[in-house]
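Chain and residue survey
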Amino acid sequence: MKSNALLSLLSDREIHSGESLAQTLGVSRTAVWKHIRKAIAEGTNIRTIRGQGYQLVSDLDLIDRDTILGELDPVTREQIQLAVLDEVDSTNAEVARQLATTRCPVVLSDCQTSGRGRRGRNWTSPKGQNLYLSLGLSIRGGFAALDGLSLVLGVAVANAIERAGGSGIGLKWPNDLFVEGQKFGGILVEIQGELQEGYVQIIAGIGINVHMTHADEVDQPWTSLARRWPDRAWSRNQLASKMIREILLAVTEFESGGFQRFRDRWQQRDVFSGLALVTRDGKLHGVGAGIDSTGNYLLSTESGVVPVRAGDISLRVSK
Ligand code: BTN
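Residues numbered from 1 in each chain as written. Predicted model: local features only at pLDDT ≥ 70, side-chain atom pairs only at ≥ 80, totals over all residues. Heavy atoms only, no water.

**Here we look at the sheet that holds strand β1 (residues 15-16)**
The sheet built from three strands is open, its strands ordered β1-β3-β2 with antiparallel pairing. The outermost strands of the open sheet, each flanked by one partner alone, are β1 and β2 (46-49). Across four bridges, β2 lies against strand β3 (residues 53-56) in antiparallel orientation. The residue bridging Thr48 from the neighbouring strand is Tyr54, located in β3. (Pairing = 2+ DSSP bridges. Helix = DSSP H or I, 4+ residues; strand = E, 2+ residues; numbered from the N terminus.)

**Here we look at the site of the ligand**
The local shell around the ligand holds 20 residues, among which Ser90, Gln112, Arg116, Arg118 and Lys183 are the closest. Contacts to the ligand include Arg116, whose backbone N or O atom sits 2.7 Å from a nitrogen atom. One of the backbone N or O atoms of Arg118 is found 2.7 Å from an oxygen atom in the ligand. Here the ligand has 420 Å² of accessible area as a free molecule, and 98% of this is covered by the chains. Among the elements of the structure, α6 (91-99), β6 (131-140), β9 (182-194) and β10 (199-208) are those that each provide at least two residues to the shell around the ligand. Ranked by residue count, the leading element in the shell around the ligand is β9, at four residues. A breakdown of the residues in the shell around the ligand according to their chemical character gives six nonpolar, ten polar and four charged. (Near = heavy atom within 4 Å. Polar contact = N/O pair within 3.5 Å; in protein donor to acceptor, adjacent residues only side chain to side chain. Areas by Shrake-Rupley, 256 points an atom, 1.4 Å probe, with all protein chains shown as cover. Nonpolar A, V, L, I, M, F, W, Y, C, P; charged D, E, K, R; others polar.)

**Notes on the packing of aromatic side chains**
Working definition: an aromatic ring pair is given by the centre-to-centre distance plus the angle between the planes. Inspection of every chain in the model, using the stated rule, returns five aromatic pairs. Seen from their ring centres, Trp33 and Tyr54 are 6.5 Å apart, and the 10 degrees between their planes marks the pair as stacked. Here Trp33 is found in helix α3 (residues 29-41), whereas its partner Tyr54 is found in strand β3, with 21 residues between them in sequence. We classify Tyr54 as buried; its relative accessible area is 10%. Between Phe272 and Tyr297, the ring centres sit 5.8 Å apart and the planes meet at 80 degrees, which makes this aromatic pair edge-to-face. Of this pair, Phe272 sits in the loop between α10 (263-267) and β11 (276-279) while Tyr297 sits in strand β13 (residues 297-301), and the two are 25 residues apart along the sequence. As far as burial versus exposure is concerned, Phe272 and Tyr297 are alike and both buried. Three or more aromatic residues link up through ring pairs in this structure, and these residues are Trp173, Trp266, Phe272 and Tyr297. Across the ring face of Phe262, the terminal group of Arg265 is positioned such that the distance to the ring centre comes to 4.5 Å. (Phe/Tyr/Trp six-rings, centres within 6.5 Å; stacked < 30°, edge-to-face > 60°. Buried < 20%, exposed > 50% of the residue type's maximum accessible area, 1.4 Å probe, protein only. Lys NZ or Arg CZ within 6 Å of the ring centre and 35° of its normal.)

Rendered as structure tokens:
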């Protein structure tokens, strides 16, 4: 039984007896009880009422394939192959597996057991709380055309979040998503390989903290959409559909017009601009001065403006 099937039945917030749940789902009452216990352990607020059954006592934000497809325009819907999973190691890894046989796979999962972040870090991926979304994309133009693509994706994701109700979304070079000085999302771009006819296959993985309120293992200031905007009813389905659409539109524009078209849009969200910065190895100090035409970050130093390349060097605010 899929645990989300049980939660869907409870989502009307009525009391359901163990027997009726078991009957509807075609499993034993013991199986229902085990799933209820697991859901409670994972943080879902379910009340057990003696002699009556189970009741969900807080709102749920379930991810659902049909809902996401229903929110997409027909053109976008036709372009993608969407899979919505209860659990996966990493949505990026799943897209990599699907790319061999599927055109434009898009994978969303309720949780990840081995979520990956940039620079070999783990990505905290608890169940039912956040957005874990990956897209397998074929980009026209070969490896040389990929400069700046990860920044373009940052612009697309920031736009999608603002369309869903956020505001003032900042980008920390190259593509960390920030609001009021705290990270709430990140993007991991992995190159899968070069295809024939000048196309490159990439995997774009997006992680957004949506409802998360606790994460002891995260070692930097962080937030989530629900923490920053607690009065909004954040919907992961709506965020996913807006992101898929914005990303596909941005990639089409990037393929035809290049990074140049996105440079100003990225710079308007630059959280480093005007700040005293230092490269992570501590060797280069300067003031944040935006990006160049290929997406390198520019440091204004005593000896002139120096471009810093994503992947080679990372930056932090100097103390
Ligand atoms: C970062 O380090 O800031 C990038 C984090 C990217 C996390 C997302 S979650 C969906 C996709 N699957 C993964 O394993 N990683 C990315």
